[in-house]
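Per-entry structural report
As a plain string of letters, each chain reads:
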Amino acid sequence: VCKEIGYHSHQNGICILCSDYTAADYNTERECYEISNAGQLFWFGNYINTVDRTANAVLTADIDLEGKALSPIGKAANKYQGVFDGQGHTISNFNMTITGAGNWGLFGYATGEGTVIKNFSISGDVTTALTSNVDVQYGVVGQADGTAEIRNVNSSVNLTSGDSYQKKYFGGIVGRTGNITVDMCSYSGTLSLGS
């Protein structure tokens, strides 16, 4: 629902006038949100970070983020604990600039038994713009622990350092891990983190 009253034009699930996102549809039989466009993916990330970190979702179409910056789904203070199934779809034009400490990626932090992130490919470009030596976790999933599972995720996201600071926990699929399962995943992007 748009912030403003009246009819607004939407493109790829994002309102052109107020930048609000359309909510993903909830499938009561499958008990998950169905995401078919970029706006709904943005909405889902915000929903996880502010309302319910245990919500499940499936992709029902390929998603083009058009280079718009997406906040990581799940944070250290609100870790993702659901099932996200890409159902074989792609997420393209993922763009992110890492500016400071924390968990960065499509998913920032995922944890817990029963938490599964699976079945999608992702491409795009990520750069760093750090101003000091800080702990940063970056991957498709920045940090994962608590027996979470990452399965059949394929990334060709290019990661380039835009600063001279040390990079500790950077990976093509997951940056920092605990007791997790990573299965049938691949990385084919470039990691250029400097010296």
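Refer to the structure presented above.
Here the structure is a predicted model, which means the values were calculated and not measured. (Residues numbered from 1 in each chain as written. Predicted model: local features only at pLDDT ≥ 70, side-chain atom pairs only at ≥ 80, totals over all residues. Heavy atoms only, no water.)

Take the packing of aromatic side chains next. Enumeration according to the criterion identifies eleven aromatic pairs in this entry. Where Tyr26 meets Tyr33, the ring centres are 4.9 Å apart and the plane angle is 65 degrees; that geometry is what we call edge-to-face. With a relative accessible area of 44%, Tyr26 lands in the partly exposed category. According to the relative accessible area criterion, Tyr33 is buried, its value standing at 12%. We note Lys79 situated over the ring of Tyr109; from NZ or CZ to the ring centre the distance is 4.5 Å. The positively charged end of Arg176 is found above the aromatic ring belonging to Tyr169, 4.1 Å away from the centroid. (Phe/Tyr/Trp six-rings, centres within 6.5 Å; stacked < 30°, edge-to-face > 60°. Buried < 20%, exposed > 50% of the residue type's maximum accessible area, 1.4 Å probe, protein only. Lys NZ or Arg CZ within 6 Å of the ring centre and 35° of its normal.)

Ranked by internal contacts, the top residues of the largest apolar core, which has 46 residues, are Phe44, Phe84, Phe94 and Leu106. Setting aside chain neighbours within four positions, we find Phe44 in contact with Tyr33, Ile35, Ala55, Asn56, Ala57, Ile73, Tyr80 and Phe84. (Core = buried A, V, L, I, M, F, W, Y, C linked by side-chain atoms within 4.5 Å. Contact = heavy atoms within 4.5 Å.)

For helix α1 (residues 38-50), with 13 residues, the first-to-last C-alpha span of 18 Å sits near the 18 Å given by 1.5 Å per residue. In terms of residue burial, α1 counts as a mostly covered element, since eleven of its 13 residues are buried. Where α1 is concerned, the buried positions are Ala38, Gly39, Gln40, Leu41, Phe42, Trp43, Phe44, Gly45, Tyr47, Ile48 and Asn49. For α1, the N-terminal capping position is held by Asn37, with its side-chain oxygen 3.1 Å away from the main-chain nitrogen of Gly39. (Helix = DSSP H or I, 4+ residues; strand = E, 2+ residues; numbered from the N terminus. Expected span 1.5 Å × (residues − 1). Polar contact = N/O pair within 3.5 Å; in protein donor to acceptor, adjacent residues only side chain to side chain.)

This paragraph deals with the side chain of Asn78. By the secondary structure assignment, Asn78 is in the loop between β6 (63-64) and β7 (83-98). A distance of 2.9 Å separates the side chain of Asn78 from the backbone oxygen of Ile48, its partner in a polar contact. Once residues lying within four places of it in the same chain are set aside, the contact partners of Asn78 are Ile48, Asn49, Thr50 and Arg53.

With that settled, the discussion passes to the sheet that holds strand β14 (residues 169-170). An order of β8-β11-β14 is seen for the three strands of this open sheet, with the pairing classed as parallel. Unpaired on one side and paired on the other, β8 (102-104) and β14 mark the two borders of the sheet. Two elements, strand β11 (residues 136-138) and β14, share two bridges in a ladder whose sense is parallel. Residue pairing across strands places Tyr138 opposite Phe170, the latter belonging to β14. (Pairing = 2+ DSSP bridges.)

Going through the model one piece at a time under the given rule, you end up with five salt bridges. Arg151 is the partner of Asp183 in a salt bridge, and the nearest nitrogen-oxygen pair spans 3.0 Å. In this pair, Asp183 is assigned in strand β16 (residues 181-183) and Arg151 in strand β13 (residues 149-161), connecting sequence segments 32 residues apart. The partly exposed category is assigned to Arg151, whose relative accessible area is 27%. (Salt bridge = Lys/Arg side-chain N within 4 Å of Asp/Glu carboxyl O.)

Now for the environment of Ser161. With respect to the element layout, Ser161 can be found in strand β13. Those residues in contact with Ser161 that lie beyond four places of it in its chain are Thr128, Lys167, Ser192, Leu193 and Gly194.

Turning next to unusual backbone geometry. Located in the positive-phi region is Asn119, a residue other than glycine, with phi close to 65 degrees. For Asn119, the location among the structural elements is in strand β10 (residues 116-128). Even without a glycine there, the phi angle at Thr147 is positive, about 65 degrees. If you trace the backbone, Thr147 turns up in the loop between β12 (141-145) and β13.

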